[in-house]
Amino acid sequence: MADELTPEIPEEAESEEPIKQRKNGLYPGVSDELAENMRSGWADTELRGLRPVEQAAHTARRRAALSARFPGERLVIPAGNLKTRSNDTEYPFRASVEYAYLTGNQTEDGVLVLEPTAEGHRETIYLLPRSDRDNGEFWLSGQGELWVGRRHSLAESEALYGIPAADVRELADRLREATGPVRVVRGHDAGIEAALTDKVTAERDEELRVFLSEARLVKDEFEIGELQKAVDSTVRGFEDVVKVLDKAEATSERYIEGTFFLRARVEGNDVGYGSICAAGPHACTLHWVRNDGPVRSGDLLLLDAGVETHSLYTADVTRTLPVNGTFSEIQRKIYDAVYDAQEAGIAAVQPGAKYRDFHDAAQRVLTERLVEWGLVEGPVERVLELGLQRRWTLHGTGHMLGMDVHDCAAARTETYVDGTLEPGMVLTVEPGLYFQADDLTVPEEYRGIGVRIEDDILVTEDGNRNLSAGLPRRSDEVEGWMAALKG
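My aim in this report is to walk through the structure given alongside it, one point at a time. Predicted model only: the values in this text are computed from it and were never measured.

Definitions and limits used
- Residues numbered from 1 in each chain as written.
- Predicted model: local features only at pLDDT ≥ 70, side-chain atom pairs only at ≥ 80, totals over all residues.
- Heavy atoms only, no water.
- Helix = DSSP H or I, 4+ residues; strand = E, 2+ residues; numbered from the N terminus.
- Buried < 20%, exposed > 50% of the residue type's maximum accessible area, 1.4 Å probe, protein only.
- Contact = heavy atoms within 4.5 Å.
- Lys, Arg positive; Asp, Glu negative; His and termini not counted.
- Charge placed at Lys NZ, Arg CZ, Asp CG, Glu CD.
- Pairing = 2+ DSSP bridges.
- Axes fitted to C-alpha atoms, helices over the stretch in contact; angles between N-to-C directions.

**Some points on the overall build of the protein chain**
For step 1, the next point in the chain: Secondary structure assignment for the protein chain yields 17 helices and 17 strands.
For step 2, the next point in the chain: Buried positions account for 52% of the 487 residues belonging to the protein chain.
For step 3, the next point in the chain: In the protein chain, the share of contacts with a sequence separation of at least 24, taken over all contacts with a separation of at least 6, comes to 68%.
For step 4, the next point in the chain: Measuring between centres, the 55 positive side-chain charges of the protein chain sit 2 Å from its 88 negative side-chain charges.

Structure follows, in structure tokens:
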């Protein structure tokens, strides 16, 4: 990584805020002659004739719904800021879901503001303009154009997102002078929140967050298309992994993680969450993301991973695969029980059904098997009432899916967990059985086996559609699929 300059900005070129300097850089300053040289001789690179981003019509509709819900109030939705990873390096930026959902923009420091008017709201997207060439920011600042790449001008942003754009560096002062009720999405931009500290209340802000979470419960056609893209790339990522299991055996779970990550970065923006590449007993740890363990023939690999699209919609798929391509007798027994539970859960995903129905259906099948195997004393109704099956099933059977892997998390319980399924909702169905390596309540042959099968299910007008049906689920089909890929 190149070492940034440590300039002394010439007095006549100083900006209101001095450019941050690195303490131990190799250049002590910038001569007047160099500063003048760097100001000129650059071609006009303004992009003209830009077409709006694909989701622009959808984001406009979403903002209109937001405006209608909070008339007469100023609404502030920040994208967030860069976060330091270590010293002067940052984590890759990901815009807040609320901001990206309403604008389609994903750049750091952006803020969407809806200012109340007699007719509704006036929308402005506040962004950093292109790097300033007069004061040298574009080549002297660590966030300048020559260091991190060109950003869109305000005029370009207006064309892309269909929202009037303004300089975000002026926003904090404007917000300090604002009057009337204000709501802000908290947790993303401390500077914006500080400017509003005497104007907002936790209760009003939470109502805004809840509304934006519930707005995402039903996906529009653009969102469904993006989720299908994410799933299709994820399917290819799983195929990539199966083809290199021999290399993973020679190294570790990290080879699996890296293989899937390559597909995510080539076809999408990133992985939607930390990939779970859990081989052997690690499969019994629900969120095993260390991925530093061995991959052994004869063990199972639980791979829970999802590609995130460039528009930030993520898949969330799990398959449990025999590393050597063939299930052992006990592995197949446990796997088939989870498969049957998932079949029951998917069948319960119907418009008009209670959200909880798919979970209850899957849990019942798993409980029946646990009683049948003698691992817990029946009857089944008693076990379910007391929740005794949870020693081995552990987690809920699914969740909403979208721009967050656990989407719509701030929605009210009555509209989510206690709500009713509607066409356009997308959720995961992911039952599992996990027999910990140190669980003395089960026979030794069960210990260290963890199985989860997860698919992404769209609620349709007449039932459901499995978006991830491109990956086999039945145990014999999984074996045949793996054999063909290793082929």
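**Points about the sheet that holds strand E10 (residues 300-305)**
Strand pairing in a sheet relies on backbone hydrogen bonds. The paired strands run either parallel or antiparallel.
For step 1, the next point in the chain: Spatial strand order, E9-E10-E12: 3 strands in an open sheet with antiparallel pairing. Two strands close off the open sheet at either side, each with one partner strand: strand E9 (276-279) and strand E12 (317-322). Strand-to-strand, the axes of this sheet are offset by a mean angle of 10°, without reference to chain direction.
For step 2, the next point in the chain: Where E10 meets E12, 6 bridges bridge the pair, whose relative direction is antiparallel. Across the sheet, the residue bridging to Ala 305 is Val 317, located in E12.
For step 3, the next point in the chain: Running at roughly 150° to E9, helix H12 (residues 253-267) makes contact with E9 and E10 of the sheet.

**Comments concerning the packing of helix H13 (residues 329-347) against helix H17 (residues 475-486)**
For step 1, the next point in the chain: H17 packs onto H13 with a crossing angle of 115° between their chain directions and a minimal axis gap of 10 Å. Across the interface between the two elements, Arg 332, Tyr 335 and Asp 336 of H13 pack against Ser 475, Asp 476, Val 478 and Glu 479 of H17.

**Some thoughts on unusual backbone geometry**
For step 1, the next point in the chain: Following Gly 378, the chain continues into Pro 379 via a peptide bond in cis, with omega recorded as 5°.
For step 2, the next point in the chain: Structurally, Pro 379 can be placed in the loop between helix H14 (357-372) and helix H15 (380-386).
For step 3, the next point in the chain: Non-glycine residue Asn 291 carries a positive phi angle of around 50°.
For step 4, the next point in the chain: In this fold, Asn 291 is placed in the loop between E9 and E10.
For step 5, the next point in the chain: You can call Asn 291 buried: its relative accessible area is 0%.

Keep in mind that these numbers describe shape and distance, not what the molecule does.
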